[in-house]
Amino acid sequence: MAIGEGEPLERIAAALARGEVLGLLPEEARRRLARTGAPVDLIPGELLCQAGDPGDAVYVILDGELEVRRLSAAGRELRLVALGPGALAGEMAVLDGGARSADIVASRRAHLWRVPRQALLEALEAEPRALLALVAELSRRLRAVNAALEARSTLDLGGRLAGLLMAEQTGRGLVPLSQGELARRLGASREKVNRKLREWSASGWVETTPAGLRILGETRLRALSAGPWSA
Ligand SMILES: Nc1ncnc2c1ncn2[C@@H]1O[C@@H]2COP(=O)(O)O[C@H]2[C@H]1O
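Residues numbered from 1 in each chain as written. Predicted model: local features only at pLDDT ≥ 70, side-chain atom pairs only at ≥ 80, totals over all residues. Heavy atoms only, no water.

Q: Which parts of the structure should I look at to understand helix α2 (residues 27-36)?
A: For the α-helix, the turn length of 3.6 residues means that residues three or four positions removed from each other point alike. When we look at burial in α2, the residues that qualify are Ala29, Arg30, Leu33 and Ala34. The buried residues of α2 occupy an angular sector of 145° when the element is viewed end-on, so they sit on one face. In this structure, the buried side of α2 is in contact with α1 (9-17), β8 (110-116) and α4 (117-126). (Buried < 20%, exposed > 50% of the residue type's maximum accessible area, 1.4 Å probe, protein only. Helix = DSSP H or I, 4+ residues; strand = E, 2+ residues; numbered from the N terminus. Arc of directions from axis to C-beta. Contact = heavy atoms within 4.5 Å.)

Set out below in structure tokens:
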């Protein structure tokens, strides 16, 4: 059963125990966060917050998935990361007192627990292990950003597209994403993605089927996605 409005606080405290950071708090502290918090339920596509909003709470994902996005200056949507059950969202503004750094949208139906800023900060101050777990999580996120930055500066569109196709292919080499979605994920225009796919189709590396794009030249695409270091 989904966790949300009307759930006993015991169940919320138990759900918080499964979280990456709050799971390290003592039980009493988790119960306090369950008491001071409130449920937030989102339907797919619903916005939780927008970049620039003030941030006075952090959200624990109990169920579902959130997508973190930014709009580039050119108006293009850049998908930063997807966050699933157990993850915290909205911790940056809470920690540094700044504005929300990105938009957060529900990519699936999501049940969250909203924890007010002050309650989170008090809980973290009292439990250094949880604070360190949060620092470790921020480090992991920074690593991912560094890797993405490196890929962006060293790989051309073909390399990045090849990497995305490799990552998203299903068992039979099918990639269940539209060209528009591929473009959105890469922060590229649909026209450029379409041109590249037509090129690869002519070379026999991919084919368009009714079920979606099928990868035929995996070895070639994998080499492309490995960037300038690959032979
Ligand atoms: N690169 C990123 N990786 C993971 N989460 C992020 C990233 N950028 C922003 N976020 C999340 O998106 C949230 C937007 O609001 P905040 O800035 O308060 O906190 C942010 C983080 O929780």
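More follows now that the structure is in view.
Q: Explanation requested: the site of the ligand in the structure shown.
A: In the region of the ligand, 14 residues are neighbours, and Gly90, Glu91, Ala93, Arg100 and Ser101 sit closest. One of the side-chain nitrogen or oxygen atoms of Arg100 is found 2.7 Å away from an oxygen atom of the ligand. Expressed as a share of its isolated accessible area of 450 Å², the protein-covered part of the ligand is 93%. Here the ligand is seated within the largest pocket. Sorting elements by how many residues they give to the shell around the ligand places helix α3 (residues 91-96) first, with three residues. When grouped by side-chain class, the residues that make up the shell around the ligand number nine nonpolar, two polar and three charged. (Near = heavy atom within 4 Å. Polar contact = N/O pair within 3.5 Å; in protein donor to acceptor, adjacent residues only side chain to side chain. Areas by Shrake-Rupley, 256 points an atom, 1.4 Å probe, with all protein chains shown as cover. 1 Å grid on protein atoms, 1.4 Å probe; cavity = no way out; pocket = protein on both sides within 12 Å on 5 of 7 lines; lining within 4 Å. Sits in = over half its atoms within 2 Å of the grid points. Nonpolar A, V, L, I, M, F, W, Y, C, P; charged D, E, K, R; others polar.)

Q: Honestly, the side chain of Asp103 in this entry has me stumped. Any pointers?
A: Its location among the elements puts Asp103 in strand β7 (residues 103-106). Look at Asp103: it is buried, it has no salt bridge, and the nearest opposite charge is Arg69 at 6.7 Å. In terms of polar contacts, Asp103 uses its side chain to reach the backbone amide nitrogen of Ala51, at 2.8 Å. (Lys, Arg positive; Asp, Glu negative; His and termini not counted. Salt bridge = Lys/Arg side-chain N within 4 Å of Asp/Glu carboxyl O.)

Q: Even after reading the chapter, I still don't get the pairing of β7, so can you show me in this structure?
A: The two faces of the sheet receive side chains in turn, since in a regular strand these alternate between them. Along β7, one buried face is formed by Asp103 and Val105 and the opposite face, lined by Ile104 and Ala106, is buried too. Bridge count between strand β4 (residues 66-71) and β7: four bridges; the pairing is antiparallel. Looking across to β7, one finds that Val68 is bridged to Ile104. (Pairing = 2+ DSSP bridges.)

Q: Just to check I follow, could you spell out the domain arrangement of the protein for this structure?
A: How large an interface is tends to be reported as the accessible area lost when its parts come together. When its domains are assigned, the protein resolves into domain 1 (9-152) and domain 2 (155-229). A separation of 31 Å is found between the C-alpha centroids of domain 1 and domain 2. On the side of domain 2, nine residues touch domain 1, which itself brings nine residues to the contact. A combined buried area of about 800 Å² lies between domain 1 and domain 2, and 42% of that area is made up of carbon and sulfur atoms. Across the salt bridge formed by Glu67 and Arg184, the nearest N and O atoms sit 3.6 Å from each other. In this structure, the connection of domain 1 to domain 2 is made through zero residue pairs in polar contact (both at pLDDT 80 or more). Of the residues assigned to the side of domain 1 that touches domain 2, the class counts are two nonpolar, no polar and seven charged. (Domains from an automatic or database assignment. Buried area = accessible area lost by both parts, 1.4 Å probe.)

Q: Is there a simple way to explain the UniProt feature "domain: HTH crp-type" (unreviewed entry) in the protein in this structure?
A: What UniProt calls "domain: HTH crp-type" (unreviewed entry) maps, in this numbering, to residues 155-219. Note that residues 155-219 is 54% helix and 15% strand, and that its end C-alpha atoms are spaced 17 Å apart. (UniProt positions renumbered as here; feature names shortened; annotations may be inferred.)

Q: Looking at this structure, how should I read a nonpolar patch on the surface?
A: Nonpolar side chains collect at one region of the surface, where Leu131, Leu132 and Val135 lie side by side and expose about 270 Å² of accessible area between them. Relative to the elements of secondary structure, Leu132 occurs in helix α5 (residues 128-154). Taking the relative accessible area as the measure of exposure, Leu132 reaches 60% and is therefore exposed. (Patch = residues over 30% accessible without salt bridge, like charges linked within 9 Å, V, L, I, M, F, W, Y side chains within 5 Å.)

Q: Honestly, helix α8 (residues 190-202) in this entry has me stumped. Any pointers?
A: The end-to-end C-alpha separation of α8 is 18 Å, in line with the 18 Å expected for 13 residues at 1.5 Å each. At its buried positions, α8 is contacted by α6 (157-168), α7 (179-186), β10 (206-209), β11 (212-215) and α9 (218-225). In the segment just after α8, Gly204 is the residue with positive phi, at about 80°. (Expected span 1.5 Å × (residues − 1).)

Q: Honestly, the nonpolar core in this entry has me stumped. Any pointers?
A: Taken as a class, soluble globular proteins show a tendency for nonpolar side chains to be buried jointly. Counting 25 residues, the largest nonpolar core has Leu16, Val21, Leu22, Leu33, Val60 and Val115 as the members making the most contacts within it. Every element with two or more residues in this core is listed here: α1, α2, β3 (57-63), β8, α4 and α5. Here this core gets five residues from one element, more than from any other, and that element is α4. In contact with Val21, other than residues within four places in its own chain, are Leu88, Leu124, Ala130, Ala133 and Leu134. (Core = buried A, V, L, I, M, F, W, Y, C linked by side-chain atoms within 4.5 Å.)

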